[in-house]
Amino acid sequence: MSTEKGNLSIHSENIFPIIKKWLYSDHDIFVRELISNGCDAITKLKKLDAMGEASLPEDNEFKIEVIVDDKEKTLTFIDNGIGMTDEEVKQYINQIAFSGAEDFLNKYKDKANEDQIIGHFGLGFYSAFMVAEKVTIDTLSYQEGAKAVRWVSDGGNEYEMSDSDRTERGTKITLSIGEDGKDFLNEWTVKSTIQKYCSLMPIEIYLINPNKEEPKVENEDANGEAKEPEAPKPLNDTTPLYLKKPNECTDEEYKEFYRKIFMDFKEPLFWIHLNMDYPFNLKGILYFPKLGNQFDTMEGQIKLYNNQVFVADNIKEVIPEFLLLLKGVLDCPDLPLNVSRSFLQNDGFVKKISNYITKKVADKLNSLYKKEKESYEKFWDDIHPFIKFGCLKDDKFFDKTKGIILYKTTTGDYVTLEEYLDRNKEKHENKVYYVTDETLQSQYIKMFKDNGMEAVIMNTTIDQPYISHIEMKESENNIKFARIDADLTDSLKDEDSTSEEDNKKLSEEVQTIFRKALANENLNVTMENLKSEDISAMIILPEESRRMQDMSKMYGMFGMDSAAMPSNESLLLNKKNKLVKYIIDNKDNENTDIFCNQIYDLAMISHKQLSPEAMTKFIERSNKILQKLI
Ligand SMILES: Nc1ncnc2c1ncn2[C@@H]1O[C@H](COP(=O)(O)OP(=O)(O)OP(=O)(O)O)[C@@H](O)[C@H]1O
């Protein structure tokens, strides 16, 4: 073939600077594009072979090689697929491939919307110019008698075609790397890019560095026999586990796949294998990860693939936000690979996928609850923030899971809301008592236990919004949550023969003593006849006031003054307690001040953390009390 020069029919002076500029943030995707073109070329040939329209040599092994040569400043992609004839190069590369680039340019002209443009990476072959100054294609078609063709372009709007010296079937694309792309002459960069985009692609991919000094290996074994050199390993897993049928996969395989993909060596708790052909094609595995410790951020990772080609991580337009707390791989060939995020957002098809995944997750949780209750309870501490977040975010998910949401009780077991309410209805109807800090509130927990009562433990950040959510959803049933120190239930009180009037008088009297001792004119004091004699006093703060306080503390961080909030805390004194009785009967005792302050601090410690000043005084006073015992 005589050398042929041509002009790429283009409507812009030069499209390539635009490609480089706009796609800069994603400029490693050219690796994905060129390798997937190689995969496609091989898949096409496999199909022809299966139809008997191509004959392949006996020892044929399909593969893709990527050669990184920092001396020659080239990065080369070789496949042994279908190849192209000169006519095909003209048609596919000069016309069709370019239309992808042209399409891109039109979008760029019409919509100055960055998201549209960056999201649209359907540039295929021409994305090579994002890093290359010159691109050379050497290709030999599988067809009998085909002649090898060379195509060269330096990224302007011109190309040159001539005969090539390629003798093997397939296509070799050589990128002469320019200044912009010099990172891609680094073996590690190329390797990690291939692993990012191509680790599940269906054809074996090998990375070759001709300039690397191979470490000397012993080529004789212990008996002096010549050792077989180790065969190079592909960088990818050509048959990812999710392609297998769920009933053919073992637990070990699921765990191994998880370790390999996420490099997470903590075992996942359980998983959901998605395998759907109709009405859309979706395969994948979603894992519920084990939370490390409470300081670990709950951040999952959902990798989206299109026919084993990586598209992106955590695309919240396709995957419901709360599912992003999971880890998983989803392969959806029906989702266009080259489409902008704003398009996905408005696509009804994508919503169907998202609803399907949500339903599958809810189904799995329900089946675990029904069939493997013990494991479900064991997993609960790890999975509950995820489930609660899902309930807050998605009403449908809430409807499907509300009956299987567990509450860990101070008795040590796990119950549903219905079970809790039912078994406590004699003592407090439609009311859920909860604990936010088991250590701090241990005094109250003990009192509850002594009286055969129980509270549920709600000690994570998601619990407060979740409580409000449940109260809203259950408003018809008038279900209310109250922290264990929010009020005093009748079950904790004993019969009291004192008249209401006398009681009021007594409370006022004691209030005066305590106000004076604590030098606090606003202190509220009430008297109750508790069942237990041991407790001297408790701090009571109505649920609503505490929620307001918590909120103001949160907003205080953003400049609101939380000190300006009135406090509704009151000191509840136990009439039955010896010390309280003693104070009432010996108002003028020299130790009254010490008693009152110590009682108040002890009650406060079980309610919230003391301020540094209060703590210092408490310790000083405790030491003084001890000294009096000498
Ligand atoms: N390695 C290759 N072997 C054989 N043909 C190829 C190869 N690379 C590209 N082609 C041909 O060139 C055409 C255009 O390639 P290009 O990557 O630009 O677009 P595409 O692969 O069709 O679509 P896209 O990459 O946008 O999904 C391909 O459809 C194919 O026919």
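Small disclaimer: the values here were computed from a predicted structure and weren't measured. (Residues numbered from 1 in each chain as written. Predicted model: local features only at pLDDT ≥ 70, side-chain atom pairs only at ≥ 80, totals over all residues.)

## Some details on the overall build of the protein chain
Looking only at helices and strands, one finds 18 helices and 21 strands in the protein chain. When the 630 residues of the protein chain are sorted by exposure, 32% land in the buried category. Taking the intrachain contacts of the protein chain between residues at least 6 apart in sequence as the baseline, contacts between residues at least 24 apart amount to 72%. (Helix = DSSP H or I, 4+ residues; strand = E, 2+ residues; numbered from the N terminus. Buried ≥ 20, exposed ≤ 12 C-beta atoms within 10 Å, placed from the backbone. Contact = placed C-beta atoms within 7 Å.)

## Concerning the confidence of the model for the protein chain
When the pLDDT values of the protein chain are averaged, the result is 85; 85% of them are 70 or greater. Segment residues 111–122: pLDDT under 50, and 29 contacts once partners within four positions in sequence are set aside and those in other chains are kept. (pLDDT = per-residue confidence, 0-100.)

## Some words on the pairing of strand β5 (residues 149–153)
The element β5 is extensively covered by neighbouring structure, given that four of its five residues are classed as buried. Bridge count between strand β4 (residues 132–140) and β5: five bridges; the pairing is antiparallel. Residue I137 lies in a different strand from β5, and its bridge partner there is W151. Here β5 pairs with strand β6 (residues 158–163) via four bridges, running antiparallel. Paired with W151 across the bridge in β6 is M161. (Pairing = 2+ DSSP bridges.)

## So, the sheet that holds strand β20 (residues 537–540)
Backbone-to-backbone hydrogen bonds pair the strands of a sheet. The strands run either parallel or antiparallel. On the basis of which strands lie adjacent, the open sheet formed by three strands has the order β19-β21-β20 and mixed pairing. What marks the edges here is a single partner per strand, and that holds for β19 (524–528) and β20. This sheet shows a mean twist of 30 degrees between the axes of neighbouring strands, independent of strand direction. Bridging between β19 and strand β21 (residues 570–574) involves five bridges; their strand directions are parallel. Looking at β21, one finds that E528 is bridged to N574. Of the strands in this sheet, β19 and β21 touch helix α14 (residues 500–518), which is tilted by about 135 degrees from β19. Strands in contact with helix α17 (residues 592–605) are β20 and β21; relative to β20, the strand with the most contacts, it is inclined by about 55 degrees. (Axes fitted to C-alpha atoms, helices over the stretch in contact; angles between N-to-C directions.)

## Details of the environment of K283
The topology assignment puts K283 in strand β10 (residues 282–288). Residue class for K283 comes out buried when judged on the 21 C-beta atoms lying within 10 Å of it. Setting aside chain neighbours within four positions, we find K283 in contact with Y242, L243, L274, N275 and D331.

## A word on the sheet that holds strand β13 (residues 327–331)
Spatial ordering of the open sheet is given by β9-β10-β13-β11-β12, a layout of five strands whose pairing is mixed. Two strands close off the open sheet at either side, each with one partner strand: β9 (270–276) and β12 (309–313). Neighbour-to-neighbour, the strand axes of the sheet open up by a mean angle of 15 degrees, direction not taken into account. Bridging between strand β11 (residues 301–306) and β12 involves four bridges; their strand directions are antiparallel. What sits directly across from N306, in β12, is V309.

## Overview of helix α6 (residues 251–262)
With twelve residues, α6 should cover 16 Å at 1.5 Å per step; its first-to-last C-alpha distance of 16 Å lies within 8% of that length. The secondary structure elements touched by the buried residues of α6 are β9, β10 and β13. (Expected span 1.5 Å × (residues − 1).)

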